[in-house]
Amino acid sequence: TYQEWKALCASAPVLLDGAFGTQLQERGLLSGEISEMWNLSQPQKVRSVAKAYIQAGSQIILTNTFGASRIMLVQHGLGDHTKEINRIGVELSRRAAGSGARVFGSIGPTSKLLMMGEVTEDELFAAFDEQAHTLQECGVDGLVIETMTDLDEAILAVKAATATKLPVVACMVYDSGPNRDHTMMGISPGQAAAALSEAGAWAVGANCGHGPEEFIHICEMYRQATDLPLWMKPNAGLPELADDRHLVYRVTPEEFAQNAGRLCDAGATFIGGCCGTTPAFIEALAERIGNRS
């Protein structure tokens, strides 16, 4: 697996997928509904999102399991379905990918704060351990710990995930501090890179929090701090409230892709999109990245 991983990274830039949640909202997911529930109730719509990214050129797609840790699902009365939701999430992305792309399992934060005593380290580790091993058993090619704001929680997730022996990517959200290049808890990309690599991450990076232009600086800060591969998934800009109900993202696929070259120059190994990005963004990225050779 490590040799395959090295070969994959050597082929950089590697094209990732875009947003899952906002794509499911376009297909009818209601505000307040959790997208992971759709693995059970609307599997064909979940698969259609994954398929659209494959057709757009994604070399790696994620699973619809971002909020599928037991701690998260219990809050929605779905704790008993934890393994099933993760299993179907893998199956749907795997069927969409066929043999043409890799599938990485998505693991998001639990929404419980360690520092507030809402959860213990042991409880967090157990939840991440269960989810990571379920995703592994169901056949993912790697694991992505993403949208983390608390470095301590991210470290626990990485330690649980690395026990699977799969490639593990760890991503933080940078949207705070004077330059908006620190996490909510005040951690810089350099500090995160050191801690996450020590925990065993195979790649580090950032997702959410910003549009593509701001990610260049974050990517440069990471590259100065580590030789690990870098995983970058910016938003389509920051969301704005359009009509009291709907969030809109103003960055166009073309504007998004214009910054891809600069992200590559800043050291990004993997490039995709987060909230507000669509298959059209990935197509634009594919065109821009493909022209760089």
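See the structure printed just above.
Summary of the structure given here. The shown structure was predicted, so the numbers you read here are calculated from the model rather than taken from an experiment. (Residues numbered from 1 in each chain as written. Predicted model: local features only at pLDDT ≥ 70, side-chain atom pairs only at ≥ 80, totals over all residues. Heavy atoms only, no water.)

### Section: the packing of helix α6 (residues 82-97) against helix α7 (residues 121-137)
In the contact formed by α6 and α7, the axes pass within 9 Å of each other and the chain directions differ by 40 degrees. As far as their axial angle goes, α7 and α6 are oblique. You can see that α6 and α7 cross each other, and the crossing is right-handed. Side by side, α6 and α7 meet where T82, K83, N86 and V90 of the first sit next to E130, Q131, T134 and L135 of the second. (Axes fitted to C-alpha atoms, helices over the stretch in contact; angles between N-to-C directions. Helix = DSSP H or I, 4+ residues; strand = E, 2+ residues; numbered from the N terminus. Parallel < 35°, antiparallel > 145°, perpendicular 65-115°, else oblique. Left-handed = near helix turned anticlockwise from the far one by under 90°. Contact = heavy atoms within 4.5 Å.)

### A look at a nonpolar patch on the surface
Together, M115, M116, M184 and M185 make up an exposed nonpolar region whose accessible area comes to about 450 Å². Take M116: it is sitting in the loop between β3 (102-107) and α7. A residue is classified by how much of its surface remains accessible, and M116, at 57% relative accessible area, is exposed. (Patch = residues over 30% accessible without salt bridge, like charges linked within 9 Å, V, L, I, M, F, W, Y side chains within 5 Å. Areas by Shrake-Rupley, 256 points an atom, 1.4 Å probe, with all protein chains shown as cover. Salt bridge = Lys/Arg side-chain N within 4 Å of Asp/Glu carboxyl O. Buried < 20%, exposed > 50% of the residue type's maximum accessible area, 1.4 Å probe, protein only.)

### A few points about the pairing of strand β5 (residues 168-172)
A large share of β5 lies buried, amounting to five of its five residues. Of the two faces of β5, the one holding V168, A170 and M172 and the one holding V169 and C171 are both buried throughout. One ladder, built from four bridges, connects strand β4 (residues 142-148) with β5; its direction is parallel. Each residue of the ladder has a partner; that of L143, found in β5, is V168. Each parallel crossover has a hand, and for β4 linked through helix α8 (residues 151-162) to β5 it is right-handed. (Pairing = 2+ DSSP bridges. Right-handed = clockwise from strand over helix to strand, strands pointing away.)

### Some details on the sheet that holds β3
Strands sit in the order β1-β10-β7-β6-β5-β4-β3-β2 across an open sheet of eight strands; the sheet is parallel. Pairing within the sheet leaves two strands with one partner each, and these edge strands are β1 (14-15) and β2 (60-62).

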